[in-house]
Amino acid sequence: MNQEQVKETMEIQRLVGKVSNAEGRSADQMRFFTADCQMRIYMGEEKILEFTGQKYLEVGLKQFMSNVKRCHFMLGQHTIDFLSQTKATGLLFCRASQVTEEFGEEIVTDHCIYYEDIYEKVSGEWLIKARDAHFLISNKQVLGI
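In this report, the structure presented in the accompanying data block is examined. Computed from a predicted structure; not experimentally measured.

1. Some remarks on the pairing of strand S2 (residues 46–52)
The two faces of a sheet get side chains in turn, since along a regular strand they alternate between them.
Part 1 of the argument: Sheet analysis places strand S1 (residues 33–43) next to S2, joined by 6 bridges and oriented antiparallel. Bridge pairing in S2 places tyrosine 42 opposite lysine 47.
Part 2 of the argument: Hairpin connection from S1 to S2: 2 residues lie between these consecutive antiparallel strands, with glycine 44 at a positive phi of about 65°.

As structure tokens, then:
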């Protein structure tokens, strides 16, 4: 990996960090996606949602997260492969905890997720063009203090 790729890798890693920091605020997240972006969400092997375009992604993510009161995302291993100077792919592992309310009790759901991303550099800035979110393991329990 040359110096330019190291710099570009860091920029893409900052990008996914910013997306994670804005989790739960779909309008804030849209600035990190291309206008023609695509996202697919899988639970295990089953595709449960698919959105194409920022407008539909924003509405879809808002709906998908509508019952989440609080959330925390921890990013893990992130590998990036450059296809060209303006295109790259990435594999990102994540642990997410989401708090919802069910039957008057706070419930925490822990998810083990990996993202398959396609990044595109637009006007000098890396954005997410496509993301497949794979929820591999989910565990629900009453939140204890």
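2. Here's the deal with the pairing of strand S3 (residues 70–82)
Part 1 of the argument: Two elements, S3 and strand S4 (residues 87–102), share 11 bridges in a ladder whose sense is antiparallel. If you follow phenylalanine 73 over to S4, its bridge partner there is alanine 96.

3. Notes on the pattern of salt bridges
Part 1 of the argument: For the structure shown, the criterion picks out 12 salt bridges.
Part 2 of the argument: For lysine 7, the salt bridge is made with glutamate 11, and the minimal N-O distance between the two is 2.9 Å. Residue lysine 7 and its partner glutamate 11 are both found in helix H1 (residues 3–21); the two are separated by 4 residues, about one turn of the helix.
Part 3 of the argument: Here aspartate 132 makes a salt bridge to arginine 40, at a shortest N to O gap of 2.9 Å. One end of the pair, aspartate 132, is in strand S6 (residues 125–142); the other, arginine 40, is in strand S1, with 92 residues separating them in the sequence.
Part 4 of the argument: Look at arginine 40 and you get partly exposed, because its relative accessible area is 21%.
Part 5 of the argument: Salt bridges sharing partners connect three or more residues here, namely Lys7, Glu8, Glu11 and Lys121.

4. Topic: the environment of serine 123
Part 1 of the argument: Mapped onto the elements of the fold, serine 123 is located in the loop between strand S5 (105–122) and S6.
Part 2 of the argument: Residue classification places serine 123 among the exposed residues on the basis of a relative accessible area of 79%.
Part 3 of the argument: Distance in space between the C-alpha atoms of serine 123 and threonine 86 is 9.8 Å, their sequence separation being 37 residues.

5. Details of the sheet that holds S1
Part 1 of the argument: Strand order in the open sheet formed by 6 strands is S2-S1-S6-S5-S4-S3, and the pairing between neighbours is mixed. Bordering the open sheet on either side are S2 and S3, each of which pairs with just one other strand. Neighbour-to-neighbour, the strand axes of this sheet turn through a mean angle of 15°, independent of strand direction.
Part 2 of the argument: Packed on one face of the sheet, H1 meets S1, S3, S4, S5 and S6 and runs near 160° to S3.
Part 3 of the argument: In this fold helix H3 (residues 54–64) packs onto S1, S2 and S6, with an angle of close to 35° to the strand it touches most, S1.

The rules behind the values
- Residues numbered from 1 in each chain as written.
- Predicted model: local features only at pLDDT ≥ 70, side-chain atom pairs only at ≥ 80, totals over all residues.
- Heavy atoms only, no water.
- Pairing = 2+ DSSP bridges.
- Helix = DSSP H or I, 4+ residues; strand = E, 2+ residues; numbered from the N terminus.
- Salt bridge = Lys/Arg side-chain N within 4 Å of Asp/Glu carboxyl O.
- Buried < 20%, exposed > 50% of the residue type's maximum accessible area, 1.4 Å probe, protein only.
- Axes fitted to C-alpha atoms, helices over the stretch in contact; angles between N-to-C directions.
- Contact = heavy atoms within 4.5 Å.

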